[in-house]
Amino acid sequence: MKIDSELGWFIREFNASTGYFWSCIPDNSGVYEIIEEVDLQPSTKAVGISAKHIWKFKAIKEGKGSITFELIQSGSKEPAERIVANIKGYFRCYVSFF
């Protein structure tokens, strides 16, 4: 991913009827910028159907940064799942998930 030209995407499935939702926690590195956040809902009104939550981001300067994504249940203090995306932005931006 070249700085200021290509996008990184992080896509997670969720089901609003379960009370779980995804949260994005950016760091303060300034290496990347989240440029869009979208929910893709199915066209049916049926309860219990999964949707997709999408974050789009791009590298904006050289350096290292990370974005943490957490799956949280309403009312819970601890996430059910945590995923960290590490970003290295130089002349190219590399993303790895752990």
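In case you missed it, the structure is sitting above this.
Residues numbered from 1 in each chain as written. Predicted model: local features only at pLDDT ≥ 70, side-chain atom pairs only at ≥ 80, totals over all residues. Heavy atoms only, no water.

Tracing the chain through its elements places Ser 74 in the loop between β5 (63-73) and β6 (81-89). Along the chain, Ser 74 and Gly 19 lie 55 residues apart, while their C-alpha atoms are 5.5 Å from each other. In this structure, Ser 74 is in contact with Gly 19 and Phe 21, ignoring residues within four places of it in sequence. (Helix = DSSP H or I, 4+ residues; strand = E, 2+ residues; numbered from the N terminus. Contact = heavy atoms within 4.5 Å.)

A cluster of nonpolar side chains, namely Leu 7, Trp 9, Ile 11 and Ile 35, defines an oily patch on the protein surface of about 370 Å² accessible area. Counting through the fold element by element, Leu 7 comes out in the segment before β1 (8-14). (Patch = residues over 30% accessible without salt bridge, like charges linked within 9 Å, V, L, I, M, F, W, Y side chains within 5 Å. Areas by Shrake-Rupley, 256 points an atom, 1.4 Å probe, with all protein chains shown as cover. Salt bridge = Lys/Arg side-chain N within 4 Å of Asp/Glu carboxyl O.)

Phe 10, Trp 22, Ile 67, Phe 69 and Ile 87 are the most contacted members of the largest nonpolar core, which has 14 residues in total. Setting aside chain neighbours within four positions, we find Phe 69 in contact with Phe 10, Trp 22, Ser 23, Cys 24, Trp 55, Glu 81, Arg 82, Ile 83 and Ala 85. (Core = buried A, V, L, I, M, F, W, Y, C linked by side-chain atoms within 4.5 Å. Buried < 20%, exposed > 50% of the residue type's maximum accessible area, 1.4 Å probe, protein only.)

Once that is clear, we can look at the pattern of salt bridges. Scanning all chains against the criterion turns up four salt bridges. Across the salt bridge formed by Arg 12 and Glu 81, the nearest N and O atoms sit 3.5 Å from each other. Taken together, the residues Arg 12 in strand β1 and Glu 81 in strand β6 connect sequence positions 69 residues apart. Here Glu 70 makes a salt bridge to Arg 82, at a shortest N to O gap of 2.7 Å. Here Glu 70, found in strand β5, pairs with Arg 82, found in strand β6; they are 12 residues apart in sequence, far enough to count as distant. Under the relative-accessibility criterion, Glu 70 is labelled buried at 11%.

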